Amino acid sequence: MQYNSTRSRAFPMPAHQAVIRGLCPDGGLFVMDDPHVTIDLAALKGASYQKIAKTVIGAFFPDYDDAELEHCVASAYDQKFDSEEIVPLKSFQDGSIMELWHGPTSAFKDLALTILPHLLTAAYRKDGRNDTVAILTATSGDTGKAALSGFADVEHTHITVFYPVNGVSDIQKRQMNTSRGNNVNVVAVEGNFDDCQRMVKAACSDPQVLSACQGVTISSANSINIGRLVPQVVYYFSTYLKLVESDRIKEGEPVTFVVPTGNFGDIFAGYLAKAAGLPVARLIVASNDNNVLTDFIRTGTYNRCRPFHETISPSMDILVSSNLERLLYFASGENCALVRDLMKQLNETGSYTVSGELLEEIQKDFCAYWADQDQCREAIRSLYEAEGILIDPHTAVGLSALRQYRADGNTEYAVVLSTASPFKFARDVLSCISEDVPEDAFAAMKQLNRLTGLSIPKGLAELESLPVRFETVISKEDGIPYLADEMKELSK
Ligand SMILES: *Cc1c(COP(=O)(O)O)cnc(C)c1O
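Below, the structure is looked at part by part. (Residues numbered from 1 in each chain as written. Predicted model: local features only at pLDDT ≥ 70, side-chain atom pairs only at ≥ 80, totals over all residues. Heavy atoms only, no water.)

### Let's talk about the overall build of the protein chain
Stated formally: Numbering of helices and strands starts at the N terminus; helices are DSSP runs of H or I of at least 4 residues and strands are runs of E of at least 2. Radius of gyration: C-alpha atoms only; globule rule: 2.2 Å multiplied by the number of residues to the exponent 0.38. Only protein chains enter the accessibility calculation, which uses a 1.4 Å probe; a residue is then buried when its area is under 20% of its type maximum, exposed when over 50%, and partly exposed in between. Working rule for contacts: check all heavy atoms of both residues, and any pair within 4.5 Å makes them a contact. Shrake-Rupley sampling with a 1.4 Å probe provides the accessible areas, and residues are treated as covered by the protein chains on show and by no other component. Under the counting rule used here, the positive set is Lys and Arg, the negative set is Asp and Glu, and His together with the chain ends is not counted. To locate a charge, take NZ of a lysine, CZ of an arginine, CG of an aspartate or CD of a glutamate.
When helices and strands are tallied, the protein chain shows 22 helices and 15 strands. Relative to the globule expectation of 23 Å for 492 residues, the C-alpha radius of gyration of the protein chain, 21 Å, shows essentially globular dimensions. Each principal axis of the C-alpha distribution contributes one length, and for the protein chain these read about 60 × 50 × 50 Å. Taken across its 492 residues, the protein chain has 61% of its residues classed as buried. Considering only contacts within the protein chain whose residues lie at least 6 apart along the sequence, 74% involve residues at least 24 apart. For the protein chain, the exposed surface amounts to about 18700 Å²; the carbon and sulfur share of it is 47%. Of the charged side chains in the protein chain, 44 are positive and 64 negative; the average position of the first set lies 1 Å away from that of the second.

Shown next, in the form of structure tokens:
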């Protein structure tokens, strides 16, 4: 199995090298030459999450040998997670909720970012390299902390996270600024998320930065890296197996997955699971007020020229959805020229429209709904009232989408992916079920705990007393010289 770009055939390489590089040199994303790998579901009956992970990741990354996969999986999915199941499942009246937030930073990004550092160091060992990988990451909150946590003190790596100084929640800021590890750095940028992302992308090809890199390779921990995407296929399999084992579905029965979506990474992993033979009925894109993907799946026109909304589900406040490029590639029959052309149009005009034929192909697998903030609050309140299950605002977008899908007459078994702990957004969640909401985020967490009896995740509870290690704030113009200095320092 080789990996190559969505935009050309010029860069064939094995999986482990694609993991090291992150992004293709032509600006495209790495894709496998055949996603239709064979995974024997029957053989995985009763298997642990770790065993399923080893099988699924191994199928997509065949150049990693058995011992390497064993080590990566065992190092990632251990007591860092506060559930032995790693990804537990909760049933409610309308289906199940897949809880993806039991990792160290309480968001689903942990499922990929606890293993990516190990996949990367194994790749390094394979190629006998001993230079340093500098991981540059732009974040609107969750990716930053999960990456800092995953890469802390991992040999051969250094990680720098850029976040918008006023664009993340108090809890998210505190999570990042108190990060441990001797190889981590956190920088606030006077600008928005797009400015941070632009800075990181520019650094990858800036002569000043590159000439400062002696024995240092720049890479990324954003979901453009295939090493983040493939580990996310695992929980679609583990959840399906659980549903069969608990007799909620029959073996082979197709299940629909509802996915709160921003960068299209989590849901694209569901598409890969289906390609690998998992019985998936539909994948439902759930958007917040930034509903650019809902419009695309329904009409075939992607148009990012629209107002940007800051919502209570900030990790989905995004208008350029990187991983959609991978879907366009596969759904068009691996048509690199078409992908290149559509991405060029998006870059130059801010929009593109796909053919009726391609849209039909996409709609075979996907449909889409969106929820505004009132619908989202209503979903949190009503689920808690009816079933005693507490969800965060991102998951609530998914639940609202499922309700709309049901209202359209669909009855097959469905699973909502729950992407963050409700305690991570304590004030907003508390306001849905109580009149009394303290200003302070930690006070809100404690109140939520008292009211619901649910425990505050350890990683969030300890934040209040951890020392702040990072306080650097830079202007967006200073990003490139700042990084050049940092790379010089790393090169010593
Ligand atoms: C990142 C994130 C999402 C969106 O996931 P994508 O892979 O970008 O679609 C949804 N919810 C939460 C809590 C997140 O952190």
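### Details of the sheet that holds strand S6 (residues 157-164)
Here is the rule we go by: When DSSP locates at least two bridges between a pair of strands, those strands are taken to pair. Geometry is summarised by axes, namely lines fitted to C-alpha atoms with helices restricted to the contacting stretch, and by angles between N-to-C directions that run from 0 to 180 degrees.
With respect to topology, five strands assemble into an open sheet ordered S8-S5-S6-S7-S15, the strand pairing being parallel. Each edge of the open sheet carries a strand with a single partner, namely strand S8 (216-220) and strand S15 (473-475). Between one strand axis and the next, the sheet turns by 30 degrees as a mean value, whatever way the strands run. Sheet analysis places strand S5 (residues 132-138) next to S6, joined by six bridges and oriented parallel. From the neighbouring strand, Ile 135 faces S6, where its bridge partner is Ile 159. Against the sheet, helix H5 (residues 116-126) makes contact with S5, S6 and S8, and its axis sits at roughly 150 degrees relative to S5, the strand it touches most. Sheet strands in contact with helix H8 (residues 193-203) are S5, S6, strand S7 (184-190) and S8, and its direction is about 155 degrees off that of S5.

### Some remarks on the pairing of strand S10 (residues 280-287)
What counts is decided by this rule: Here, the term right-handed applies to a crossover whose path from the first strand over the helix to the second runs clockwise when the strands point away from the viewer.
Counting buried residues along S10, six of its eight residues qualify, which places the element largely inside the surrounding structure. Strand direction decides the pairing type here: strand S9 (residues 255-260) and S10, joined by five bridges, are parallel. Paired with Val 258 across the strands is Ile 284, a residue of S10. This β-α-β element, S9 to helix H12 (residues 265-275) to S10, shows right-handed connectivity.

### Some remarks on the site of the ligand
Using the following cut-off: Only a single heavy atom is needed: when it lies within 4 Å of a molecule or strand, its residue is near that molecule or strand. Any pair of nitrogen or oxygen atoms within 3.5 Å is treated as a polar contact; in protein, a donor-acceptor pairing is required on top of that, and neighbouring residues in sequence qualify only through side-chain atoms on both sides. Under the convention adopted here, Pro, Cys and the residues Ala, Val, Leu, Ile, Met, Phe, Trp and Tyr are nonpolar, Asp, Glu, Lys and Arg are charged, and Gly plus all remaining residues are polar.
Around the ligand lies a shell of 15 residues, among which Lys 109, Asp 142, Gly 262, Asn 263 and Thr 419 are the nearest. A distance of 3.2 Å separates an oxygen atom of the ligand from a polar backbone atom of Phe 264. Expressed as a share of its isolated accessible area of 390 Å², the protein-covered part of the ligand is 96%. Residue composition of the shell around the ligand, by class: five nonpolar, seven polar and three charged.

### A closer look at helix H22 (residues 479-491)
What counts is decided by this rule: Multiplying one less than the number of residues by 1.5 Å gives the expected span of a helix. This arc is taken over the directions from the axis of the helix to the C-beta atoms.
Across its 13 residues, H22 extends 18 Å between first and last C-alpha, which sits within 8% of the 18 Å expected from 1.5 Å per residue. If you check which residues of H22 are buried, you get Gly 479, Ile 480, Leu 483, Ala 484, Glu 486 and Met 487. Axial view of H22: buried residues confined to an arc of 165 degrees, hence all on one face.

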